[in-house]
Amino acid sequence: MPSAVAEELEKLSVEPKEAAVGDVEDSGDDEVADDVAGGEGAEKKKKKKKKKKSKKPKADGETIAAGGAATARPTKQTSPPTIPVSHFFPDGNYPEGQLEDYREDNAYRTTSEEKRYLERMEGAEQYGELRRAAEVHRQVRKYAQETIKPGMSMIEITELIENSVRTLIEENGLEAGIAFPTGVSLNHVAAHYTPNTGDKTVLGYDDVMKVDFGTHVNGRIIDSAFTMTFNPVYDNLLAAVKEATNTGIREAGIDVRLCDIGAAVQEVMESYEVEINGKTYQVKPIRNLNGHSIGQYQIHTTKSVPIVKGGPETKMEEGEARAFMYAIETFGSTGKGYVHEDMECSHYMKSFDPAHVPLRLPRSKALLSTITKNFGTLAFCRRYLDRIGEQKYLMALKNLCDNGAVNAYPPLVDIKGSYTAQYEHTLILRPTRKEVLSRGDDY
């Protein structure tokens, strides 16, 4: 651009730009009045000019164009979290999870053009949905880890997590929301405990709490769990289970035998000891709890991933129906390393492939219709039924369970006095590499 023209444009552009973001200047008459008033009027004028609006957005964020107007994209989540994750990623490109290359005979997949093409053709939409659900999980659990303290009730804790999920994922019927009830199992209770309405249990300083919650977008489920303690005496128990879970993730992959994953997990976990109240315990894997494959709207599908040796020689395979996503989870215990059902039931789930169930009771039929409409084949709990306005439903719920239309999942417990811990991640076996979707800075 010629320099003379540039100079003229610069002169023309400065004043209008300032007027657009500042206050309108006073008229000539006002200036005369200020002069008559003396220094006091001049001082007021100076103060008035300082009230020009800032060009920067007031909230944490960056200015982006949206429909011709400037809007602020948030860069930091509030506490408690109130900003849906879609506002942070308006282009729909959510962060990838941790990527790990396949090993040995499958190492070629990382650079294979054929596998890359297959990945682009098959995975774009579902990967985006999974990553959105995973980002919700990371942000919610960050808030939970910062906020949960001894003295809080189990209902307070679960509602804190669940309400945050509903907000951040922009809950919308069966299209997006909570994938299953928030588990807050304590001490010898390893899994499947969430408080029913009226539960007065309070978290204590010496408790070991497994926090297991799920998110989903269009039935693409993220299942991830961690353990919270406040007394450092349990640190080795948590370290054992965390390393065992990471071992399972490292060993998992296309063509890997499930039994080999279990053997590797057991070896790592049993290498740890924990001293509690002057007594030393070897950390034992809970042998009848497993990881599992995950399907759309189906938290447990066809395959189980053992955490002890001697499991099935079945392989993880590429492109297998309902089984290319896995929850790798391990449980460690200072007890027997074996759980059984006990205590009041809170978890339920409609059968995924039920045979025809002839229900005779009108109340049971109505309840099943409500469950189908609100939860589909996703797990639910009694608090969720209370929340949508169901009343006096226990007999109808029992009837649905007795007839096989709904399955009950009572808490799973080791021996009283023992302590159990859990860590879990969801991964997907992509054609080129595996992606640990729920991985975060915390675990």
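Reading guide: rules and limits
Residues numbered from 1 in each chain as written. Predicted model: local features only at pLDDT ≥ 70, side-chain atom pairs only at ≥ 80, totals over all residues. Heavy atoms only, no water. Buried < 20%, exposed > 50% of the residue type's maximum accessible area, 1.4 Å probe, protein only. Helix = DSSP H or I, 4+ residues; strand = E, 2+ residues; numbered from the N terminus. Arc of directions from axis to C-beta. Contact = heavy atoms within 4.5 Å. Polar contact = N/O pair within 3.5 Å; in protein donor to acceptor, adjacent residues only side chain to side chain. Pairing = 2+ DSSP bridges. Axes fitted to C-alpha atoms, helices over the stretch in contact; angles between N-to-C directions.

**As for helix α10 (residues 394-402)**
Alright, step 1. Turning to α10, its buried residues are Ala396, Leu397, Asn399 and Leu400. End-on view of α10: buried residues confined to an arc of 160°, all on one side of the axis. Residues Met395 and Asp402 are exposed on α10 and point more than 90 degrees away from its buried face.
Alright, step 2. Its buried side turned inward, α10 meets β15 (347-350), α8 (362-375), β16 (380-381), α9 (382-387) and β17 (406-409).
Alright, step 3. Backbone geometry just downstream of α10 places glycine 404 in the positive-phi region, at approximately 80°.

**Section: the environment of glutamate 329**
Alright, step 1. Along the chain, glutamate 329 falls in strand β13 (residues 325-333).
Alright, step 2. Put simply, glutamate 329 and asparagine 246 are 83 residues apart on the chain and 9.1 Å apart in space, counted from C-alpha to C-alpha.
Alright, step 3. Not counting residues within four places of it along the chain, the set of residues in contact with glutamate 329 comprises Thr245, Asn290, Gly291, His292, Ile307, Gln422, Tyr423 and Glu424.
Alright, step 4. A distance of 3.3 Å separates polar atoms of two side chains, one belonging to glutamate 329 and the other to histidine 292.
Alright, step 5. In terms of polar contacts, glutamate 329 uses its side chain to reach the side chain of glutamine 422, at 2.9 Å.

**A word on the sheet that holds β17**
Alright, step 1. Strand order in the open sheet formed by 3 strands is β16-β15-β17, with antiparallel pairing between adjacent strands. For this open sheet the edge positions go to β16 and β17, each flanked by a neighbour on one side alone.
Alright, step 2. One ladder, built from 2 bridges, connects β15 with β16; its direction is antiparallel. Of the residues in β16, the one forming a bridge with tyrosine 348 is phenylalanine 380.
Alright, step 3. The strands touched by α8 are β15, β16 and β17; relative to β15, the strand with the most contacts, the crossing angle is about 90°.
Alright, step 4. Sitting on the sheet, α10 touches β15, β16 and β17, and the angle it makes with β17 is about 105°.

Function-wise, these values are silent; they only describe arrangement.
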